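# Working through the structure, step by step
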Amino acid sequence: MNPFAVLAFAGRRTWDEWLSIVVLSALWLLAQVLVVTGPPATATLFAMARATHDGVYWGAADAWVAFRTLFWPAWRWGLPYLLVIGISVYNLSVYWNVPGATWTALRVVWLLVLLAWLGLNLFFWPLYLSADNRSLRNTWANCGRFWLLHPATGFVLLGVAVVVGVAAVSTLLPVVLGVVFWLCLSAETAVRRSLALLKP
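Before going into details, it helps to say that this report is about the structure given with it. The numbers attached to residues start from 1 for each chain and follow its sequence in the written order. This being a predicted model, a pLDDT of at least 70 is required before a residue's local features are given, and a value of 80 or more before pairs of side-chain atoms are given or counted; all residues contribute to the totals for chains, interfaces and linings. Side-chain descriptors were evaluated using all non-hydrogen atoms of the structure, hydrogens and water having been removed beforehand.

### Brief notes about the packing of helix α4 (residues 60-94) against helix α5 (residues 101-122)
Contact pair α4 / α5: the axes reach a minimum separation of 9 Å and the direction vectors enclose 155 degrees. Taken together, the axis directions place α4 and α5 in an arrangement best described as roughly antiparallel. Relative to α5, the crossing made by α4 is left-handed. Along the contact surface, α4 presents Trp 77, Pro 80, Tyr 81, Val 84, Ile 85, Ser 88, Val 89, Asn 91 and Leu 92, while α5 presents Arg 107, Trp 110, Leu 111, Val 113, Leu 114, Trp 117, Leu 118 and Asn 121. Angles shown run from 0 to 180 degrees and are taken between the N-to-C directions of axes, each axis being a line fitted to C-alpha atoms and, for helices, limited to the stretch in contact. Strands are runs of DSSP state E lasting at least two residues, helices are runs of H or I lasting at least four, and both sets are numbered from the N terminus onward. With respect to orientation, any angle under 35 degrees is reported as roughly parallel, any angle over 145 as roughly antiparallel, any angle of 65 to 115 as roughly perpendicular, and every other angle as oblique. For a crossing to be left-handed, the near helix must be turned anticlockwise from the far one by less than a right angle; the clockwise case is right-handed. Any two residues whose heavy atoms approach within 4.5 Å at even a single point are treated as in contact.

### Comments concerning α5
Look at α5: 32 Å from first C-alpha to last across 22 residues, which is about the 32 Å you get at 1.5 Å a residue. Using a 1.4 Å probe on the protein chains alone, a residue whose accessible area is under 20% of its type maximum counts as buried, one over 50% counts as exposed, and one in between counts as partly exposed. Among the residues of α5, Arg 107, Trp 110, Leu 114, Trp 117, Gly 119, Leu 120, Asn 121 and Leu 122 are the ones counted as buried. In this scheme, a helix's expected span is set at 1.5 Å multiplied by one less than its residue total.

### A word on the side chain of Arg 192
Checked against the element boundaries, Arg 192 lands in helix α10 (residues 179-198). Take Arg 192: its relative accessible area is 19%, and that puts it in the buried class. Residues contacting Arg 192, with those up to four places away along its chain left out, are Arg 50, His 53 and Asp 54.

### Remarks on the packing of helix α1 (residues 3-16) against α10
Two elements in contact, α1 and α10, have axes separated by 8 Å at closest approach and are oriented at 125 degrees. In terms of their interaxial angle, α1 and α10 are classed as oblique. Judged by the sense of rotation from one axis to the other, the crossing of α1 with α10 is right-handed. Contact residues: α1 offers Ala 5, Val 6, Leu 7, Phe 9, Ala 10, Gly 11, Arg 13 and Thr 14, while α10 offers Phe 181, Trp 182, Leu 185, Ser 186, Thr 189, Ala 190 and Arg 193.

### Observations concerning the pattern of salt bridges
Throughout this description, the term salt bridge denotes a Lys or Arg side-chain nitrogen within 4 Å of a carboxyl oxygen of Asp or Glu. Inspection of every chain in the model, using the stated rule, returns three salt bridges. For Glu 188, the salt bridge goes to Arg 50, with nearest N and O atoms at 3.1 Å. Note that Glu 188 is positioned in helix α10 and Arg 50 in helix α3 (residues 38-53), a separation of 138 residues in sequence. Under the relative-accessibility criterion, Glu 188 is labelled buried at 0%. A residue is classified by how much of its surface remains accessible, and Arg 50, at 22% relative accessible area, is partly exposed.

### Thoughts on the nonpolar core
Among buried residues, those of type Ala, Val, Leu, Ile, Met, Phe, Trp, Tyr and Cys that are joined through side-chain atoms within 4.5 Å constitute a nonpolar core. Counting 53 residues, the largest nonpolar core has Met 48, Phe 123, Trp 125 and Phe 181 as its most contacted members. Ignoring any residue separated from it by four or fewer positions in sequence, one finds Phe 123 in contact with Cys 143, Phe 146, Trp 147, Gly 154, Leu 157, Ala 187, Ala 190 and Val 191.

### Some remarks on a nonpolar patch on the surface
A contiguous nonpolar patch, built from Trp 15, Trp 18, Leu 19, Val 23, Leu 27, Leu 30, Val 33 and Leu 34 and spanning about 900 Å² of accessible area, is present on the exposed surface. Counting residues per element, the nonpolar patch draws most heavily on helix α2 (residues 18-34), which supplies seven residues. Of note, Leu 19 is situated in helix α2. On the accessibility criterion, Leu 19 (53% relative accessible area) is exposed. Put simply, a patch holds well-exposed residues, over 30% relative accessible area, that have no salt bridge, with like charges counted together within 9 Å and Val, Leu, Ile, Met, Phe, Trp or Tyr side chains within 5 Å. Computed with a 1.4 Å probe, the accessible areas rest on the Shrake-Rupley method; for each residue, only the protein chains presented here act as cover.

### Observations regarding the packing of aromatic side chains
Between the rings of Phe, Tyr and Trp (Trp by its six-membered ring), a pair exists once the centres lie within 6.5 Å; its type follows the angle of the planes, with under 30 degrees stacked, over 60 edge-to-face, and the other angles tilted. Taken as a whole and assessed by the stated rule, the structure comprises 17 aromatic pairs. A ring pair is formed by Phe 67 and Phe 71, whose centres lie 5.9 Å apart and whose planes are at 70 degrees; its orientation type is edge-to-face. One end of the pair is Phe 67 and the other is Phe 71, both in helix α4 and four residues apart, which spans about a single turn. Where Trp 147 meets Phe 155, the ring centres are 5.1 Å apart and the plane angle is 85 degrees; that geometry is what we call edge-to-face.

### Some details on the state of the cysteines
Our working definition of a disulfide is a cysteine sulfur pair at a distance within 2.5 Å. Overall, the coordinates contain zero disulfides when judged by the stated rule. A disulfide-free cysteine, Cys 143 has its sulfur positioned 13 Å from the sulfur of Cys 184, the nearest such atom.

See the structure below:
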């Protein structure tokens, strides 16, 4: 699988529906500020990316249905997801300047755990929405299998996600312009192509 072809395909699809995507991305950002709506909004973003991948037109009503349908599944995913992120970020921020080889090693471990967790969950919703068995355990296991099968694609998309995340810290422009949606659509495209390769 060519990760750059995946990104290019997702870019073309995103451009086709850029107006709806910009509006949805702005609502997604607002949902993160409200906290309670954060994980369901993220799941909705991936659900709409799935529809965009298939060339299916979607509007506000479709996004609202996805939001309501995925609200509780999103929080079952969101609690452990946010817990690991919170612990990792807390440890890195509090102990970042503590001297000593042991603390340096611990910072490396925390950073690697954070990146691995982000990389694993980048493909969570595309695999969740594609599966018959939608348990957390099964979906995370499928995420691990995806990484084993397509490490290059995983690392490229994770790298793009990190760049987008760093840019979003200083400016909200990437979010408002729909770059986060493009990233969701890239993950969806990668998973679809992976599943297609597995079919006999």
